[in-house]
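Here are the chains, one letter per residue:
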Amino acid sequence: MSVRDVLVSIQPLEGGWRMDCSAGLEPIVFGSGAKAEAQAHALARKLARAGADARVEVHDRGHRLVGTTRYFADG
């Protein structure tokens with residue numbers, strides 16, 4: 001991970017899923033893990049279009065990392 005990477009992370013919560021972003025955005029809670037993951041990828045694509053490298057990390061209910069996707073800055 002580069003120092004410039006923005007991390008968008010999906011973590012389980014009791015009864016939902018939390019999306020955190022290291023770019024200073026407030027966490028968002030979703031009822032569905034699929035919806036949280038879709039929104040995380042959409043945010044990372046927007047960040048890349050705006051010039052920031054971004055990484056999405058998805059954790060399962062056991063808090064294990066189950067997926068990572070990198071989005072590189074445009075330009």
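All chains use their own residue numbering, which begins from 1 and follows the written sequence. Only residues with pLDDT of 70 or above have their local features reported here, since the model is predicted, and side-chain atom pairs are shown and tallied only from 80 upward, although totals for entire chains, interfaces and linings are computed over all residues. Note: side-chain values were computed over all heavy atoms of the structure, leaving out hydrogens and water.

Q: Would you take a moment to explain the overall build of the chain for this structure?
A: Note on conventions: DSSP H or I runs of at least 4 residues are helices, E runs of at least 2 residues are strands, and numbering of each starts at the N terminus. A tally of helices and strands in the chain yields one helix and five strands. Ordered by position in the sequence, the α and β elements of the chain form the string β-β-β-α-β-β. Note on method: radius of gyration uses C-alpha positions; expected globular size equals 2.2 Å times residues raised to 0.38. For 75 residues, the compact-globule estimate of 2.2 N^0.38 gives 11 Å, and the chain sits close to it at 12 Å. Per-residue accessibility, obtained with a 1.4 Å probe over protein chains only, is compared with the maximum for each type, and a residue is labelled buried under 20%, exposed over 50%, and partly exposed between these values. When the 75 residues of the chain are sorted by exposure, 39% land in the buried category. Should any heavy atoms of two residues lie within 4.5 Å, those residues are counted as being in contact. Excluding contacts between residues fewer than 6 apart, the proportion of contacts in the chain whose partners are at least 24 apart in sequence is 39%. Calculation of accessible area relied on Shrake-Rupley with a 1.4 Å probe; when residues are assessed, cover is drawn exclusively from the protein chains displayed. Only carbon and sulfur atoms are counted for the fraction: they give 53% of the accessible area of the chain, which is about 4500 Å².

Q: Got a minute to help me understand the side chain of Asp5 in this structure?
A: You can see Asp5 is positioned in the segment before β1 (6–13). Overall, Asp5 belongs to the buried group, its relative accessible area being 8%. As used in this structure description, the phrase polar contact means that two N or O atoms lie within 3.5 Å; if the pair is within protein, one of them must be able to donate a hydrogen and the other to accept it, and residues adjacent in sequence are counted only when both atoms belong to side chains. Within polar-contact distance, the side chain of Asp5 engages the side chain of Arg70 at 3.2 Å. Once you skip the residues sitting within four places of it in the chain, Asp5 turns out to touch Ser22, Asp53, Arg55 and Arg70.

Q: So what exactly am I meant to see when it comes to the environment of Arg4 here?
A: Mapped onto the elements, Arg4 comes out in the segment before β1. Among the residues examined, Arg4 registers a relative accessible area of 56% and is labelled exposed. Note: C-alpha distance between Arg4 and His63 (59 residues apart in sequence) is 25 Å.

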